[in-house]
Amino acid sequence: MLVSLLKKFGLKFSLNDPRWGRGSDDNNKNQDNKRPNDGPPDLDQLWRDFNQRLSGIFGNRKNGGGGNGGDSSGGGMGGFKPDMRGAGIGAAIIAGIVAFLWLVSGFFIVQEGQTGVVMTFGKYSHMTPAGFNWRWPTPIQSHEIVNVSQVRTVEVGYRGNVKNKQQQESLMLTEDENIIDIQFAVQYTLKNASDWVFNNREQEEMVKQVAETAIREVVGRSKMDFVLYEGREKIAFDSSQLMQQIVDRYKSGVQITNVTMQGVQPPEQVQAAFDDAVKAGQDRERQKNEGQAYANDVIPRARGAASRLLQESEAYRSSVTANAQGEASRFKQVLVEYQKAPAVTRDRMYLETMQKIFSSTTKVMVDSKGNNSLIYLPLDKLISQSAAPAGAAADVGAIRPPATSSTSAPDTAALEAQESRSRDSRSSRDREVR
């Protein structure tokens, strides 16, 4: 469009034109009406030729206006008089083109996950979403694109690698006055782009200082063993909460997402001594566990034995008490019966007692009153003989054989002994009656 307008007004810049920079035929002639030699054009002649072509945009030439190119009264214009109306139109067109280009420069594109912060004369104006946006061009308004979805990381106590330690950042003091070496990383995102741009000058340095301050405060309230072993996750969580409170107080537009503990250990100068102390502590815990295991094995068994003895003693006491009470009750019952019939009760008691005695005796000697000979009762043989036929009858089903002559004598003796006892009992009852 610009080239067509320039051509319309007669301005031609053709490098392929062999007459470019040489002026018109009249200007190239010398006073003797002779052409100069073909050679590089003079700088003054180039400047006059440029002025002539430029003046063609703003007005028309008069007839014979370019005849005298070297006239000093023309001021290098060859006697050219510009047309003010044409000059105004050309200036308006150029001004419109410049204004159009100036307005077009206000368009900008914001990518997804980013936010545009628009400033009017350096002061915050508004934020733009992702997409194609427009603002007033410079110097009225300017913009800054901030990536709010990016996860940013700040390293405290190391740089790039845990081995690359920063002692001035990692060494911290615990509650029990011990020094500990901690390396950790803080991950965060942006929740407000305007606060991130305007409320802090060095944003990443601010986040690092906040992280270092928070972790030192949390570690200063904890003991060394807690920080080294079971308290790492709690230290990271408490530090994250405290960092978020501080950055919110600063209105920095930062959202703390994660705190990762990279390394927690004692200082290198006391690492060997600390390892020995840790081994000793582990040995102590092992021995305590072994002792506890032995105690858990012995104590339940001892308690079980004690409980068993208590139960047995309780059972024995109950048994003895019950037997004593039973004997006392039986004695009272026997006493009542004895008072009713003393002789019968005495005979019954005598018979029961002798039954108990004979049941555990295998040999019985009986003394008769008529002569001095003793009668021998082989009770063991009698019992075995009476038990053998019963067992044989149960196993084989045979009929028990008749008693032999060898057993007649013991049976007769037993009958005689029973008769003698009955006589004794009768005589004793007669004496009592008398």
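Just so it is clear, the model here is predicted, and its values are computed rather than measured. The residue count restarts for each chain, going from 1 along the sequence in the order it is written. pLDDT decides what is reported in this predicted model: residues at 70 or higher carry local features, side-chain atom pairs at 80 or more are listed and counted, and totals for whole chains, interfaces and linings draw on all residues regardless. Side-chain numbers come from the whole structure's heavy atoms, not from hydrogens or water.

Visitor: Can you explain the overall build of the protein chain? Please cite residues and give values.
Guide: Within the protein chain one finds 13 helices and 13 strands. Relative accessible area decides the class of each residue, using a 1.4 Å probe on protein chains only: under 20% of the type maximum gives buried, over 50% gives exposed, and in between gives partly exposed. Residue burial in the protein chain is summarised as follows: out of 434 residues, 26% are buried. In what follows, residue pairs with any heavy atoms lying within 4.5 Å of each other are defined as contacts. Partitioning the contacts of the protein chain with sequence separation of at least 6, the portion at a separation of at least 24 is 62%. Areas reported here follow the Shrake-Rupley algorithm with a probe of radius 1.4 Å; residue values treat only the protein chains shown as occluding. Only carbon and sulfur atoms are counted for the fraction: they give 55% of the accessible area of the protein chain, which is about 30200 Å². Every helix listed is a DSSP run of H or I at least four residues long, and every strand listed is a run of E at least two residues long, numbered separately from the N terminus.

Visitor: Can you lay out the pairing of strand 8 (residues 161-165) for me, pointing to particular residues and giving the numbers?
Guide: The pairing criterion is simple: DSSP has to find at least two bridges between the two strands. Summarising the sheet, strand 7 (residues 158-159) and strand 8 pair through two bridges and their orientation is antiparallel. Among the inter-strand pairings, Arg159 is bridged to a residue of strand 8, identified as Asn161. Counting the residues between successive antiparallel strands, the hairpin from strand 7 to strand 8 contains one residue, one of them, Gly160, with a positive phi of roughly 80 degrees.

Visitor: Can you explain the pattern of salt bridges? Please cite residues and give values.
Guide: Just to be clear on terms, a salt bridge is a Lys or Arg side-chain nitrogen sitting within 4 Å of an Asp or Glu carboxyl oxygen. Applying the stated criterion across every chain yields a total of 16 salt bridges. Across the salt bridge formed by Lys165 and Asp181, the nearest N and O atoms sit 3.6 Å from each other. A residue pair is termed long-range when its members are at least 10 positions apart, and Lys165 in strand 8 and Asp181 in strand 10 (residues 179-190) qualify at 16 residues. For the pair shown, Lys165 and Asp181 are each scored as buried.

Visitor: Give me the lowdown on the packing of helix 7 (residues 203-220) against helix 9 (residues 232-250), citing residues and values where you can.
Guide: Between helix 7 and helix 9, the least distance of the axes is 9 Å, while the angle of their chain directions is 135 degrees. Here helix 7 is positioned oblique relative to helix 9, judged by the angle of their axes. For the pair helix 7 and helix 9, the sense of crossing is right-handed. Along its contact with helix 7, which presents Met206, Val210, Ala211, Ala214, Ile215, Glu217, Val218 and Val219, the element helix 9 presents Ile235, Asp238, Ser239, Leu242, Met243, Ile246, Val247 and Tyr250. Put simply, Ala, Val, Leu, Ile, Met, Phe, Trp, Tyr, Cys and Pro go in the nonpolar bin, Asp, Glu, Lys and Arg in the charged bin, and everything else, Gly too, in the polar bin. Among the residues making up the contact of helix 7 with helix 9, the classes are represented as 13 nonpolar, one polar and two charged. The angle between two axes is taken between their N-to-C directions and runs from 0 to 180 degrees, where each axis is a line fitted to C-alpha atoms and a helix contributes only its stretch in contact. Throughout this description, any angle smaller than 35 degrees is read as roughly parallel, any larger than 145 degrees as roughly antiparallel, any in the 65 to 115 degree range as roughly perpendicular, and the remainder as oblique. Handedness of a crossing follows from how the near helix is turned relative to the far one, being left-handed for an anticlockwise turn of less than a right angle and right-handed for a clockwise one.

Visitor: Quick one: what's the story with unusual backbone geometry, residue by residue and with numbers?
Guide: Cis geometry marks the peptide bond from Thr138 to Pro139, where omega comes out at 15 degrees. The phi dihedral of Phe121 is positive, around 50 degrees, even though this residue is not glycine. Turning to its location among the elements, Phe121 is positioned in the loop between strand 2 (114-120) and strand 3 (123-128). Residue Phe121 is classed as exposed on the basis of its relative accessible area, which comes to 63%.

Visitor: Describe the confidence of the model for the protein chain, naming the residues involved and giving the relevant values.
Guide: For every residue, the predictor assigns a confidence score, pLDDT, that lies between 0 and 100. For the protein chain, the mean per-residue pLDDT works out to 75, and 67% of the residues sit at or above 70. The low-confidence segment residues 23-36, where pLDDT is below 50, has 23 contacts with residues more than four positions distant or belonging to other chains. For the stretch residues 60-80, pLDDT sits under 50, and the model shows 25 contacts to residues farther than four places along the chain or on other chains.

Visitor: Account for the sheet that holds strand 5 (residues 141-147), with residues named and values stated.
Guide: Read from one edge to the other, the open sheet built from three strands follows the order 3-2-5, with strand pairing classed as antiparallel. The two strands at the open ends of the sheet, each matched to only one other strand, are strand 3 and strand 5. Pairs of neighbouring strands in the sheet enclose a mean axial angle of 30 degrees, with direction left out of account.

Visitor: Quick one: what's the story with the packing of helix 10 (residues 271-340) against helix 11 (residues 342-359), residue by residue and with numbers?
Guide: At a minimum axis distance of 5 Å, the contact between helix 10 and helix 11 shows a crossing angle of 130 degrees. Between helix 10 and helix 11, the angle is such that the two are oblique. Of the residues in helix 11, those in contact with Val334, Glu337, Tyr338, Gln339 and Lys340 of helix 10 are Pro342, Thr345, Arg346, Arg348 and Met349. A per-class count over the contact of helix 10 with helix 11 returns four nonpolar, two polar and four charged.

Visitor: Report on a negative patch on the surface, specifying residues and quantitative values.
Guide: A cluster of acidic residues, Glu175, Asp176, Glu177, Asp225 and Glu230, forms a negative patch at the surface. Here Asp225 lies in helix 8 (residues 224-228). When its relative accessible area of 49% is taken as the criterion, Asp225 is described as partly exposed. Exposure above 30% relative accessible area and no salt bridge define the residues that can form patches, which grow by joining like charges within 9 Å and nonpolar side chains of Val, Leu, Ile, Met, Phe, Trp and Tyr within 5 Å. By the counting scheme adopted, Arg and Lys are positive, Glu and Asp are negative, and His together with the chain ends is not counted. Taken as the charge centre is NZ of Lys, CZ of Arg, CG of Asp or CD of Glu, depending on the residue.

Visitor: Outline the pairing of strand 3, supporting the account with residue identities and numerical values.
Guide: Sheet topology places strand 2 next to strand 3; five bridges connect them, and they run antiparallel. For Thr120, the partnering residue across the bridge sits in strand 3 and is Lys123. Connecting strand 2 to the next strand, strand 3, in antiparallel fashion are two residues, including Phe121 with a positive phi near 50 degrees.

Visitor: A description of the packing of aromatic side chains should follow, citing residues and the corresponding values.
Guide: Pairs were defined over the aromatic rings of Phe, Tyr and Trp, the Trp ring being its six-membered one, requiring ring centres within 6.5 Å. Orientation was assigned from the angle between planes: stacked under 30 degrees, edge-to-face over 60, tilted for the rest. Applying the stated criterion to the full structure yields five aromatic pairs. Look at Phe107 and Phe132: their rings are 5.2 Å apart centre to centre, the planes differ by 15 degrees, and that puts the pair in the stacked class. Separated by 25 residues along the polypeptide, Phe107 in strand 1 (residues 107-110) and Phe132 in strand 4 (residues 131-134) bring together distant segments of the chain. The exposure class of Phe107 is partly exposed, given its relative accessible area of 41%. Taken together, the aromatic side chains of Phe107, Phe132, Trp134 and Trp136 make up a single cluster linked through ring pairs.

Visitor: Residues and numbers for helix 11, please.
Guide: A rise of 1.5 Å per residue sets the reference length of helix 11, with its 18 residues, at 26 Å; its end C-alpha atoms lie 26 Å apart and thus fit the reference within 8%. Those residues of helix 11 lying buried are Ala343, Thr345, Asp347 and Met354. Each helix should span, by expectation, one fewer than its residue count multiplied by 1.5 Å.

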